[in-house]
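Coordinate inspection notes
One letter stands for each residue in the lines below.
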Amino acid sequence: VSASALKGFSALRHRNFAFYLSARLLGTIAVQMQNVAVGWQVYALTVDALDLGFIGLAQFAPFFLLVLVAGQVADQFNRRMIIIACYGVELSCALILLVFTLGGFQSLWPVFASLALFGSARAFRMPTSQAILMNLVPLQHFGNAVAISSSTFHVAVIVGPTVGGILYLFGPATVYGTAAGLFLLAMLLMTLTHVEQAPTPKETPNWNTLLEGLRFVGSRPVVLGAISLDLFAVLFGGATALLPAYASDILQVGPQGLGLLRTAPGAGAALISIVLAFQPMTRRVGYWMFGGVALFGVATIVFGLSQSFWVSLVALFVLGASDMISVYVRHLLVQMETPDAIRGRVSAVNAVFIGASNELGEFESGLTAAWFGLVPAVVLGGVATLLVTATWMWRFSALRRMDRFPGSD
């Protein structure tokens with residue numbers, strides 16, 4: 001085996017990182033499978049794009065309310081146990097969806113209630129998962145760990161929707177039951193993971209400690225620019241929220257086609273993350289980040305205008321690949337700039353921006369689709385992403401000019 005190949009997988013030599021990665025892979029596959037089933041089931045019941053937006057809002061509302069508290073919890077308690085508990089709650093959500101599906105529900109409130117509970121668990125799991133990565137590998141392997149973690153995440157994003165679409169042929173209950181089993185396996189794998197977490201002085205929770213992450217991000221213009229760029233770009237460019245409607249009404253490809261459409265962004269992101277594992281980004285990182293977001297906007301516009309299934313797949317593939325570039329830069333920048341004692345709280349701030357861009361972006365996409373129609377909503381979102389990119393290049397010139405990551409030679 002060549003030295004370059006070994007270097008590309010150097011983080012996997014650490015046993016605890018490998019167990020954590022396996023748990024995250026299975027948990028993400030379960031989430032993606034569940035997303036396909038929920039989206040198709042809801043749209044089939046109501047045939048209303050706005051309800052697809054409410055799927056995102058149901059998850060975002062509790063996430064937004066809890067995530068800053070979750071960041072402080074991640075700094076004060078065992079991060080491994082927090083993740084195990086979160087997988088347990090997500091397992092419960094899958095079982096709730098399974099029970100109500102078997103009961104033949106005709107109202108959406110059980111779905112939205114379950115997704116709200118899921119969003120609460122995600123509020124704690126997301127910042128904790130970001131913060132724990134630095135506790136699993138030495139600093140010299142952190143960039144490699146980020147790339148491998150991202151690539152496995154996007155492998156799950158590829159596999160999950162495809163498997164979910166296939167299993168949906170046997171009914172949504174089959175999807176929810178399989179997802180519940182995967183969440184259980186993720187819990188078991190996390191119990192095998194040992195985390196070297198430095199002890200932190202116990203603090204009495206108050207507004208001062210709760211807002212420490214916000215103050216830190218506000219004091220670092222480069223960090224603030226990176227995570228806010230991702231927020232507004234994905235907020236306006238959230239075309240993936242409307243995929244069930246596109247698959248049904250425009251492309252007419254059914255749930256299996258929806259699975260492939262959901263897979264395409266993950267395939268593009270996985271390819272880029274594999275490249276970054278073997279060839280890490282070291283120079284002109286600011287320009288790479290802005291270029292990735294701009295390409296994301298262009299791909300969104302192409303997808304919005306396409307009426308061909310294959311052109312849509314290619315556009316979504318490029319969309320995912322370009323998004324991965326900005327994700328890689330942002331994650332390394334935030335984690336390498338942050339002391340471990342407040343890494344959970346800073347990760348929580350980052351998670352707020354990511355969660356807002358994803359779930360709130362889904363609601364925004366559903367709302368604009370209800371107002372203007374599917375195609376205009378997606379195209380306008382892509383145009384808005386390009387305008388945000390141009391504005392942030394002017395407003396955060398230090399981020400645009402950034403050549404290397406903090407602490408790199």
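Residues numbered from 1 in each chain as written. Predicted model: local features only at pLDDT ≥ 70, side-chain atom pairs only at ≥ 80, totals over all residues. Heavy atoms only, no water.

Regarding the packing of aromatic side chains
- Here the structure, examined in full by the defined rule, presents five aromatic pairs.
- Between Y246 and F303 the ring centres are 4.7 Å apart and the planes differ by 35 degrees, which places this aromatic pair in the tilted class. One end of the pair, Y246, is in helix α11 (residues 243-250); the other, F303, is in helix α13 (residues 285-305), and 57 residues separate them in sequence.
- Looking at F303, the relative accessible area reads 0%, which means it is buried.
- Aromatic side chains W392 and F396 sit 6.0 Å apart centroid to centroid with 40 degrees between the ring planes, which places their arrangement in the tilted category. Comparing W392 with F396, the two get one shared label, buried.
- Seen from the ring of F63, R122 lies directly overhead, with NZ or CZ sitting 4.9 Å from the centre.
- Seen from the ring of F396, R395 lies directly overhead, with NZ or CZ sitting 5.1 Å from the centre. (Phe/Tyr/Trp six-rings, centres within 6.5 Å; stacked < 30°, edge-to-face > 60°. Helix = DSSP H or I, 4+ residues; strand = E, 2+ residues; numbered from the N terminus. Buried < 20%, exposed > 50% of the residue type's maximum accessible area, 1.4 Å probe, protein only. Lys NZ or Arg CZ within 6 Å of the ring centre and 35° of its normal.)

Regarding helix α2 (residues 15-46)
- Here α2 contains 32 residues, and its C-alpha end-to-end distance of 47 Å stays within 8% of the 46 Å for a straight helix at 1.5 Å per residue.
- Two residues or fewer past α2, V47 is found with a positive phi of approximately 50 degrees. (Expected span 1.5 Å × (residues − 1).)

Concerning the pattern of salt bridges
- The final tally for this structure, using the stated rule, is three salt bridges.
- Of the charged contacts in the structure, one is a salt bridge between R345 and D75, with a shortest N-O distance of 2.8 Å. Residue R345 is located in helix α15 (residues 343-372), and its partner D75 is located in helix α3 (residues 49-76); the two are separated by 270 residues in the primary sequence.
- Taking the relative accessible area as the measure of exposure, R345 reaches 4% and is therefore buried.
- With a closest N to O distance of 2.8 Å, E90 and R125 form a salt bridge. On the criterion of sequence distance, the pair formed by E90 in helix α4 (residues 79-102) and R125 in helix α5 (residues 109-132) is long-range, its members being 35 residues apart. (Salt bridge = Lys/Arg side-chain N within 4 Å of Asp/Glu carboxyl O.)

Considerations on helix α16 (residues 374-395)
- Spanning 22 residues, α16 covers 31 Å between terminal C-alpha atoms, matching the ideal 32 Å at 1.5 Å per step.
- If you check which residues of α16 are buried, you get L374, A377, V378, V379, G381, G382, A384, T385, V388, T389 and W392.

Here's the deal with the environment of G344
- Looking at where G344 falls in the secondary structure, it is placed in helix α15.
- The class for G344 is buried, based on a relative accessible area of 0%.
- The sequence separation of G344 and A70 amounts to 274 residues, and the corresponding C-alpha distance is 7.9 Å.
- In contact with G344, not counting residues within four places along its chain, are G71, A74, D75, R79, P127 and A131. (Contact = heavy atoms within 4.5 Å.)

Section: the nonpolar core
- Formed by 111 residues in total, the largest nonpolar core has its most connected members in F17, F183 and Y328.
- Not counting residues up to four positions away in its chain, the partners in contact with Y328 are G143, V146, A147, L276, P280, M281 and F405.
- Within the second largest apolar cluster, eight residues are counted, among which are F60, F63, V67 and M126. (Core = buried A, V, L, I, M, F, W, Y, C linked by side-chain atoms within 4.5 Å.)

A short note on unusual backbone geometry
- For Q252, which is not glycine, the phi dihedral falls at a positive 50 degrees.
- Along the polypeptide, Q252 turns up in the loop between α11 and α12 (254-278).

Some thoughts on the packing of α4 against α5
- Interhelical geometry of α4 versus α5 gives an angle of 160 degrees and a closest axis separation of 9 Å. Considering the angle they form, α4 stands roughly antiparallel to α5. In the crossing of α4 with α5, the sense of the turn from one axis to the other is left-handed.
- In terms of residue class, the contact of α4 with α5 is built from 18 nonpolar, three polar and five charged. (Axes fitted to C-alpha atoms, helices over the stretch in contact; angles between N-to-C directions. Parallel < 35°, antiparallel > 145°, perpendicular 65-115°, else oblique. Left-handed = near helix turned anticlockwise from the far one by under 90°. Nonpolar A, V, L, I, M, F, W, Y, C, P; charged D, E, K, R; others polar.)

Notes on the side chain of N16
- Among the secondary structure elements, N16 is positioned in helix α2.
- Residue classification places N16 among the buried residues on the basis of a relative accessible area of 17%.
- Engagement of the side chain of N16 in a polar contact is seen with the side chain of R15, the distance being 3.1 Å. (Polar contact = N/O pair within 3.5 Å; in protein donor to acceptor, adjacent residues only side chain to side chain.)

Let's talk about the confidence of the model for the protein
- Across the protein, pLDDT averages 82, with 90% of residues at or above 70.
- At the level of individual helices and strands, the protein shows its lowest average pLDDT in helix α1 (residues 3-8), which scores 50, and its highest in helix α7 (residues 172-191), which scores 95.
- Below a pLDDT of 50 lies the segment residues 1-6, which in the model reaches four contacts outside its immediate sequence neighbourhood of four places, other chains included. (pLDDT = per-residue confidence, 0-100.)

Overview of the environment of A269
- Note that A269 resides in helix α12.
- By relative accessible area, A269 is classed as buried at 1%.
- In sequence terms A269 and A321 are 52 residues apart; their C-alpha atoms lie 4.1 Å from each other.
- Not counting residues up to four positions away in its chain, the partners in contact with A269 are H154, G320, A321 and M324.

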